[in-house]
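# Summary of the model geometry
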Amino acid sequence: KGEVLFAALDTLTEIMQSHDVSIYSVTSVNYCRLSSASSEKARSLGKSIAIDQYPMIFNALEKRQVFVNRTLDHKLPMMASALYDDNIMRIVIFLWDLPYENMTLYHTNLLTVVGALIYNAVVRDADYFDALAYKRFIPETRILQEEAFHEMVKIYQHAGEKGYTESCIIYISSFQSIMEMDEQIHSVIRDTDYVGVTSDGSLAVLLTNTNENEYIYVRDRLEANGIHTYLNKKI
């Protein structure tokens, strides 16, 4: 999903004529988590959003409407739209620098159409990866094979170079059983993070939307779970 959402920023920027775009994934009924953003302004709501703190936005989105910032409140995006699947909000798109003259019915409809195309691409991408699960994951685990993990790291590194996201890799110093580590690690990381095998056969965790100052929270949870980690290693 990450690669599709990074590409979606370019599409939204061009079609909607907005250079400050952010895309959030809805991680629960209460929170959204930043997936990608094209600028610091687009990140201004933070990496996590409590939905109930922004009723002026989400009340509209929950009615399947596009939020339009008619009051021009500089703390809020100029326009926002939500993408649904099975009547569940999955993704939220925020446009921050939309010219006022573009805040029209035409542009709200355009955002709805572009959003639907983006979500269709996300679903196709997820289906494709599900179909290749037997090649991508170590059997009976959620741990990526070396090549698949390396590919995911490259995707996030490239997005980081464009300023679309941050990521950090932490390495597991030693372990006994892949199966045991699969359960232990995934019990303390987020659904948006990835565990994989590195070139020397050890394990690493790709923390998405996380920098090296923030990784310590995950490290501490892993350490408390008896998993020792370190940084600074080439994969």
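Everything that follows concerns the structure shown earlier in this document.
Residues numbered from 1 in each chain as written. Predicted model: local features only at pLDDT ≥ 70, side-chain atom pairs only at ≥ 80, totals over all residues. Heavy atoms only, no water.

### Topic: the sheet that holds strand S1 (residues 21-26)
- Pairing within the open sheet is antiparallel, and its six strands lie in the order S3-S2-S1-S6-S5-S4. Strands with a single pairing partner mark the edges of an open sheet, and in this sheet they are strand S3 (48-50) and strand S4 (67-68).
- Where S1 meets strand S6 (residues 88-95), five bridges bridge the pair, whose relative direction is antiparallel. Counted as the bridge partner of Ser22 is Phe94 from S6.
- Together, strand S2 (31-37), S3, S4, strand S5 (79-85) and S6 form the strand contacts of helix H2 (residues 55-62), whose direction differs from that of S6 by roughly 125 degrees. (Pairing = 2+ DSSP bridges. Helix = DSSP H or I, 4+ residues; strand = E, 2+ residues; numbered from the N terminus. Contact = heavy atoms within 4.5 Å. Axes fitted to C-alpha atoms, helices over the stretch in contact; angles between N-to-C directions.)

### Here's the deal with H2
- Regarding H2, the residues found buried are Ile57, Phe58, Ala60 and Leu61. Looking straight down H2, one finds that the buried residues subtend no more than 155 degrees of arc, so they occupy a single side.
- Positive backbone phi, approximately 65 degrees, marks Arg64, located one or two places after H2. (Buried < 20%, exposed > 50% of the residue type's maximum accessible area, 1.4 Å probe, protein only. Arc of directions from axis to C-beta.)

### Observations concerning the nonpolar core
- Leu12, Ile23, Met79, Ile93, Leu95, Leu111 and Ile118 are the most contacted members of the largest nonpolar core, which totals 38 residues.
- Elements represented by at least two residues in this core include exactly helix H1 (2-16), S1, S5, S6, helix H3 (105-131), helix H5 (146-161), strand S8 (167-172) and strand S10 (203-208).
- If we ignore the near neighbours within four places in the chain, the residues touching Ile118 are Val4, Leu5, Ala8, Leu12 and Ile93.
- Membership of the second largest hydrophobic core comes to 22 residues, among which are Ile51, Phe58, Ala60 and Leu76. (Core = buried A, V, L, I, M, F, W, Y, C linked by side-chain atoms within 4.5 Å.)

### What about the environment of Leu34?
- Structurally, Leu34 is set in strand S2.
- Expressed as a C-alpha distance, the spacing of Leu34 and Val113, which sit 79 residues apart in the sequence, is 21 Å.
- Look past the residues within four positions of Leu34 in its chain and what remains in contact with it is Ser22, Ile23, Tyr24, Arg43, Gly46, Lys47 and Asn209.

### What about the packing of aromatic side chains?
- Applying the stated rule across the entire model yields four aromatic pairs.
- It is Arg64 that lies over the ring of Tyr84; its NZ or CZ is 3.8 Å from the centre. (Phe/Tyr/Trp six-rings, centres within 6.5 Å; stacked < 30°, edge-to-face > 60°. Lys NZ or Arg CZ within 6 Å of the ring centre and 35° of its normal.)

### Examining the side chain of Asn211
- Among the structural elements, Asn211 can be located in the loop between S10 and helix H7 (216-224).
- Of note is the side chain of Asn211, whose polar atom sits 2.9 Å from the backbone nitrogen of Glu214.
- Apart from residues no more than four positions distant in its own chain, Asn211 is found in contact with Lys47, Glu166 and Cys168. (Polar contact = N/O pair within 3.5 Å; in protein donor to acceptor, adjacent residues only side chain to side chain.)

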